[in-house]
Number of protein chains: 4
Amino acid sequence: MKKKVAIVGVTGYSGVELVRLLLTHPSVEINGLYAHSTAGQLMNEQYPSLSSICEQEIQVFDAKKIMEENDAVFFATPSGVSKKDAISFIQADFPVIDLSGDFRLNQEEYEKWYHSPACEQKYLDKAQYSLADLERAEKHYIANPGCYATATLLALHPIAQTDWFDVESIIVDAKSGLSGAGKKLSETSHFSFISDNLFLYKQNQHQHIPEIVQKLQTWNEEIPYIQFQTTLVPATRGIFISCYIKMKKELSEQDIYDWYERVYKGKKFIRLQNKNTLPSMKQVVGSNYCDIGLSYNSTTHVLTVVSVIDNLIKGAAGQAIQNFNQLFGMDETLGLQLAPVFP
Amino acid sequence: MKKKVAIVGVTGYSGVELVRLLLTHPSVEINGLYAHSTAGQLMNEQYPSLSSICEQEIQVFDAKKIMEENDAVFFATPSGVSKKDAISFIQADFPVIDLSGDFRLNQEEYEKWYHSPACEQKYLDKAQYSLADLERAEKHYIANPGCYATATLLALHPIAQTDWFDVESIIVDAKSGLSGAGKKLSETSHFSFISDNLFLYKQNQHQHIPEIVQKLQTWNEEIPYIQFQTTLVPATRGIFISCYIKMKKELSEQDIYDWYERVYKGKKFIRLQNKNTLPSMKQVVGSNYCDIGLSYNSTTHVLTVVSVIDNLIKGAAGQAIQNFNQLFGMDETLGLQLAPVFP
Amino acid sequence: MKKKVAIVGVTGYSGVELVRLLLTHPSVEINGLYAHSTAGQLMNEQYPSLSSICEQEIQVFDAKKIMEENDAVFFATPSGVSKKDAISFIQADFPVIDLSGDFRLNQEEYEKWYHSPACEQKYLDKAQYSLADLERAEKHYIANPGCYATATLLALHPIAQTDWFDVESIIVDAKSGLSGAGKKLSETSHFSFISDNLFLYKQNQHQHIPEIVQKLQTWNEEIPYIQFQTTLVPATRGIFISCYIKMKKELSEQDIYDWYERVYKGKKFIRLQNKNTLPSMKQVVGSNYCDIGLSYNSTTHVLTVVSVIDNLIKGAAGQAIQNFNQLFGMDETLGLQLAPVFP
Amino acid sequence: MKKKVAIVGVTGYSGVELVRLLLTHPSVEINGLYAHSTAGQLMNEQYPSLSSICEQEIQVFDAKKIMEENDAVFFATPSGVSKKDAISFIQADFPVIDLSGDFRLNQEEYEKWYHSPACEQKYLDKAQYSLADLERAEKHYIANPGCYATATLLALHPIAQTDWFDVESIIVDAKSGLSGAGKKLSETSHFSFISDNLFLYKQNQHQHIPEIVQKLQTWNEEIPYIQFQTTLVPATRGIFISCYIKMKKELSEQDIYDWYERVYKGKKFIRLQNKNTLPSMKQVVGSNYCDIGLSYNSTTHVLTVVSVIDNLIKGAAGQAIQNFNQLFGMDETLGLQLAPVFP
């Protein structure tokens, strides 16, 4: 029998992407759409692309009703919502997949990076931060990783576990398309500003930094920090991560490549590129893949790792469904067997 | 049991889109990929987006082998190929879906508009030009309509059948993204040229003109011609058609809308927009839908009909699969239940 | 001695373009920048592109001060401002170049199309609607034409004066980049919406329609109306106009071309393309040119006229300066000798 | 009296940009346009944007004629041309500004990075590699710096002269628009490929690397190398450079900022941004400016320096004119007083 799910915050980009993907999921029925400012409208009024496909009415949030009528709930809400609205689900031990950042950090880190009060630690303790390709969702509250964090952590996971590099040397130059910043209007999302443009934003202040560092430290406690910068690029979807890591000098490119190959063997949604081949961003757009390529410079001893994802799929809704599938003991690829849309 | 199909010309944009869509078709197995200049390579070498999804080897065209091993063949070849290479299939009465223009016109029209010799009329007579949303594929040789022709004919189909308009007045201002012109390199497909640019090409010479007119005349023999212009726009996918038709003066907007609604009732892939709402191009990209909107100007008596499609799906590979489904007696939506990718 | 000018509404796109162009004008000194919500800031804080070039402080509007300190004023304000704020200048017979639509129409037409009260007719009567390439600015209040109106009227000016066409047949399919809609944030100016997209807006309601029709009627009183539609395209600058006109049957393409050539001979900012050559939009971006091309279809008897302009220059700031130059008896090309920026 | 100049390789993007800029230069007359494959055509046939502005005929290269009729020559030719065709000018001590890479490196480095024989060292010795904002053009053969090299070197010039950083730590993540790769058609310049895409190319093999390193070493011989990666972005013009430098721990952000301010004080074409402000790429497009911003991370001790230029102006034609102006003892800003085109 199909699992019934509700989506809260359904009119944001992650929410509508959840709808789009879950519509093709053979074991899921979308059973309730919730949002704040658009309640009362039909989904297809907000998104004409969904006409005749999903014409459900958007409802006012109602935790009790959601729990009565569904098997799980997805929160695709902006920062600051689930830390309040998800509490009753935690108290009832009802399965939640939370795409927002509210449950990804401990209290101290959350308040430092989000400039806002965290929810109580006892609730944070109920959550599992689950990178779906590297671990298995088990707890009933899944803190789904951020888009930049996902691409960066998958790029660094194999190397981070080694002692082959200078732990203070990691530099991440991350580029993202506009949908990563959501639907919200701002001067920098205006076409006339960002078309043909690039700019670096949130210098050293991006809230995905602590999320990345805390996970890296579970793999290698010696890594003290990373230098992480984010540049907005004129594309709608896609994240492109360039990681630069200073290697200890005795290593060969082949050693590094073999290690990545070994670590990622059998991972369904990670595609290690051939040696000396780096992925382009568009080759994963529309899919749940993370493509990773390596390039080693024997003069500078710098390893470049490039990873690319579709920020709305692998970086949000796709990974959330993958986590959901794991949590309910299903094949993790259900609803996610999408070939990238190219060109 | 699954039907086995081969794709000839698989490395062009229509070919790779056939692969992408057929991979999700529950009743089809892709059993042979064929192309000329790329034979011997793997599909994923040409399209890294298909790594781990479709890694079949591209083969040299071999009609006999294709017929022995498959139930049908798709030709996604450039103009001029199928008129030679498809003949043996016709002779054997083997099912062909031809996405090229070679079998869409009679000899005289073909030679006038394609500036090249047509194939023999006896073979042309075997082909059915089949707009999949308006008729049913029945013959074993399907001439799949062109992208502009599809969007234009679906926009005009209801009105063309009436006597409500000046038959000499139809003007079509068609806009297309770059993928419509294929992979071939040219000065006008260079990003530095076409980004932030628009230009009108093939003035009064587009080869889809006779294809549109011949079909219109089957609906209304009074229509002598159309004025059809094509403008290239800086987008990858999508066709946006604006049709202008001078109406006879006694009509109300409601009459026209009701008629469109009646004609298109129950059509699964045609979404008539609400009254006074016109579709944007992106709301169908990634899907097999054709969205159509109407606007009537009671001062000028001009009816504007806007239709939008994804040129590679409804305008090529998607419609081809829809025709294939019809030909083999399957549900016509198989492999095509894709929600548009938005944003 | 240099003429001193003030610019009101300087932080909109037309305002900043006036600054950029006037900085290179050999006979003008920018002597006062005015705006409403940004008063108190420096111009380069609003536009970092102007750092070290124009760092003047933006002031609160003050008509008296502007008149005391300057020789003329440009209004680059949104609709509805100059009909109030420019009155004192009219009363003082002080030169005004108004880039907004407030003084382009008579009272009745203004109120019909702008849905807002017009200013008094006695003030409207003081204004000259001046298409700078076709007439000479003489009155002290210049209503600078709208961007769509400029491109459309220059496309139609020669043919409109003839009796060669069906006066009820004119259809204009106009395409514009995003900067035409100004800086204001809206869902449709968000990059994620408009990138790779097209949509038709203000169906039959664009406020440039009456402006175009009233001018056409001064050239040919038989023209009752035009069908005019506007489509937004994913480009920052540029307008691309396709006009379709049904010709009487006896005409040759050469006749039409010769007539355009004769009418536009010697016009410095109008570049008639060679026969059978249509302009691309980007070939005028960054300049004050209007490029025009013709294509005649002898089957349908439809003449296609394509015109392209940079909406912020020829369609706004550039034409305003051209009008200013005429008004002050200067060479009309001063400050406007810019080659298009290509690529 | 005006200096007469010839341009060789005039139909490439750098060549046409030289034409565009020199047309506004008050002390220069463009007296001869030369190119190989387009000889015999008019400049405006190749670039319709130049109709009525520059309609000179493109001639077959003729060194003798160029020297007889001009005061200087610009080479805007592809790699490998000037090392042959410029020799006779060197022998005659005739002023050459060479925008290509042929005279930027010594023989050994050239052959290593360009995979082609270098010209004789005695000719290379005649050339001055001249970063126009940092030194004065004096020799009669000017090797104009590469676009990436210009932006990178201007970003690093102040810090490179200090002992404040780890000399082995410099990482440069460079992004460029498409025009940087010239007009040449390739799969990766096709709109359908690069629109909405990013990719990293020439891994560790970009020919601007040795050019950058050799110059850095003149400022600080301790710097052994840099890690330099280039990513193509979907924009036509613009380079955006992010440099990451590991600082020694005792420094404050203020110290670093003050030093940049001091070094760049009075430089007309370098605009150091305010503290904690980083430039966007588009704020220099259309101008000869290099805008530079700093950001220091006190946790990681990494200094981020961002620099942005218009690759065709500051990175090619603009800097070439600046060098020309210096060489002929003119005000270095002549022909270059262009405000950026924004939006």
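All figures in this text were calculated on a predicted structure; none of them were measured in a lab.

Enquirer: How do you make sense of the overall build of chain A when you look at a structure like this?
Expert: A count of helices and strands for chain A gives 12 helices and 14 strands. By the compact-globule yardstick of 20 Å for 343 residues, chain A fits well, its C-alpha radius of gyration being 20 Å. Dimensions of chain A, computed from the C-alpha atoms along their principal axes, are close to 60 × 45 × 40 Å. Considering chain A as a whole, with its 343 residues, one finds that 67% of them fall into the buried category. Looking at chain A alone, contacts between residues at least 24 apart form 70% of all its contacts between residues at least 6 apart. Approximately 11,600 Å² of chain A is accessible, and the part contributed by carbon and sulfur atoms is 47%. The distance from the centre of the 31 positive side-chain charges to the centre of the 39 negative ones in chain A is 2 Å.

Enquirer: Just checking my understanding: could you explain the UniProt feature "domain: Semialdehyde dehydrogenase NAD-binding" (unreviewed entry) in chain A for this structure?
Expert: Mapped onto this numbering, the UniProt entry gives "domain: Semialdehyde dehydrogenase NAD-binding" (unreviewed entry) at residues 4-140 of chain A. Along residues 4-140 of chain A the backbone is 31% helical and 18% strand, and the end-to-end C-alpha distance reaches 16 Å.

Enquirer: Help me understand the relation of the copies chain A and chain B, please; the structure alone is not making it clear to me.
Expert: There are two copies of the chain, and a rotation about an axis plus a shift along that axis relates them. Rotating chain A by 180 degrees about the axis while translating it 0.0 Å along that axis superimposes it on chain B, leaving an RMSD of 0.0 Å. Taken together, these values place the two copies in the relation of a two-fold axis. Of the interface residues in chain A, 100% have counterparts in chain B that sit at the interface too, so the contact is made through matching surfaces.

Enquirer: What should I look at first to understand the pairing of strand E14 (residues 302-309) of chain B in this one?
Expert: Residues in a regular strand project their side chains so that they alternate between the two faces of the sheet. Residue and element names in this part refer to chain B. Taken across its 8 residues, E14 has 8 buried, putting it largely inside the fold. By the bridge criterion, 8 bridges tie strand E11 (residues 239-246) to E14 in an arrangement that is antiparallel. Each residue of the ladder has a partner; that of Ser242, found in E14, is Val306. As defined by bridge partners, strand E13 (residues 290-297) adjoins E14 across 7 bridges and the pair is classed as antiparallel. Bridging across to E14, Ser295 finds its partner in Thr304.

Enquirer: Before we go on, may I ask you to explain the relation of the copies chain A and chain D in this structure?
Expert: Its rotation angle being 180 degrees, the transformation that places chain A on chain D also includes 0.0 Å of axial translation and leaves an RMSD of 0.0 Å. When the interface residues of chain A are mapped onto chain D, 100% of them are again interface residues, pointing to one common binding face.

Enquirer: For this particular structure, what's the right way to read helix H12 (residues 313-327) of chain D?
Expert: Owing to its 3.6 residues per turn, the α-helix aligns residues three or four sequence positions apart on the same side. Residue and element names in this part refer to chain D. The end-to-end C-alpha separation of H12 is 18 Å, well short of the 21 Å expected for 15 residues at 1.5 Å each. The sharpest bend along H12 reaches about 45 degrees and sits at Gln319. Of the residues trailing H12, Gly329 is marked for its positive phi of about 70 degrees.

Enquirer: Whenever I open this one, the pattern of salt bridges confuses me. Can you help?
Expert: Side chains that differ in sign of charge can pair as their charged atoms come close. Residue and element names in this part refer to chain D. Within the structure shown, the criterion is met by 48 salt bridges over all chains. For Lys314, the salt bridge identified is with Asp133, shortest N-O distance 2.4 Å. Here the residue Lys314 occupies a position in helix H12, and Asp133 occupies one in the loop between strand E6 (127-129) and strand E7 (141-143), the gap between them amounting to 181 residues. The class for Asp133 is buried, based on a relative accessible area of 6%. The salt bridge involving Asp310 is made with Arg237; its shortest N-O contact spans 3.1 Å.

Enquirer: Just to check I follow, could you spell out the interface of chain A and chain D for this structure?
Expert: How big an interface is tends to be stated in terms of the accessible area lost upon association of its parts. Counting residues at the interface gives 44 residues for chain A and 44 residues for chain D. The interface formed by chain A and chain D includes 2 salt bridges. The salt bridge involving Lys175 of chain A is made with Asp173 of chain D; its shortest N-O contact spans 3.0 Å. Remark: the boundary between chain A and chain D carries 35 residue pairs in polar contact (both at pLDDT 80 or more). Of all the secondary structure elements, the ones that give two or more residues to the side of chain A that touches chain D are strand E8 (171-176), helix H9 (191-194), strand E9 (199-201), strand E10 (227-232), strand E11 (239-246), strand E13 (290-297) and strand E14 (302-309) of chain A. For the side of chain A that touches chain D, the element with the highest residue contribution is E11 of chain A, accounting for 4 residues. Among the residues making up the side of chain A that touches chain D, the classes are represented as 19 nonpolar, 17 polar and 8 charged.

Enquirer: Mind showing me how you'd approach the interface of chain A and chain B here?
Expert: The interface is formed by 28 residues belonging to chain A together with 28 residues belonging to chain B. Both sides of the chain A and chain B interface together cover about 2,300 Å² of buried area, and 60% of this is carbon and sulfur. Counting the surface chain A buries against chain B, the share from its top three residues, Ser49, Phe342 and Pro343 of chain A, is 24%. Connecting chain A to chain B are 0 salt bridges. Seen at the junction of chain A and chain B, the total is 6 residue pairs in polar contact (both at pLDDT 80 or more). When residues in the side of chain A that touches chain B are grouped by element, the largest group, 4 residues, is from helix H1 (residues 13-22) of chain A. Taken together, the residues that form the side of chain A that touches chain B break down as 13 nonpolar, 9 polar and 6 charged.

Enquirer: How do you make sense of the environment of Asp331 of chain A when you look at a structure like this?
Expert: All names here are of chain A. For Asp331, the location among the structural elements is in the segment after helix H12 (313-327). When neighbours within four sequence positions are excluded, Asp331 is seen to be in contact with Lys268 and Asn325. In this structure the side chain of Asp331 is engaged in a polar contact, spanning 2.9 Å, whose partner is the backbone nitrogen of Thr333.

The rules we used
- Residues numbered from 1 in each chain as written.
- Chains lettered and ligands numbered in written order.
- Predicted model: local features only at pLDDT ≥ 70, side-chain atom pairs only at ≥ 80, totals over all residues.
- Heavy atoms only, no water.
- Helix = DSSP H or I, 4+ residues; strand = E, 2+ residues; numbered from the N terminus.
- Rg over C-alpha atoms; globule rule 2.2 N^0.38 Å.
- Buried < 20%, exposed > 50% of the residue type's maximum accessible area, 1.4 Å probe, protein only.
- Contact = heavy atoms within 4.5 Å.
- Areas by Shrake-Rupley, 256 points an atom, 1.4 Å probe, with all protein chains shown as cover.
- Lys, Arg positive; Asp, Glu negative; His and termini not counted.
- Charge placed at Lys NZ, Arg CZ, Asp CG, Glu CD.
- UniProt positions renumbered as here; feature names shortened; annotations may be inferred.
- Least-squares fit on C-alpha atoms with pLDDT ≥ 70 in both.
- Pairing = 2+ DSSP bridges.
- Expected span 1.5 Å × (residues − 1).
- Bend = angle between axes of the 7 residues up to and from the residue.
- Salt bridge = Lys/Arg side-chain N within 4 Å of Asp/Glu carboxyl O.
- Polar contact = N/O pair within 3.5 Å; in protein donor to acceptor, adjacent residues only side chain to side chain.
- Nonpolar A, V, L, I, M, F, W, Y, C, P; charged D, E, K, R; others polar.
- Buried area = accessible area lost by both parts, 1.4 Å probe.

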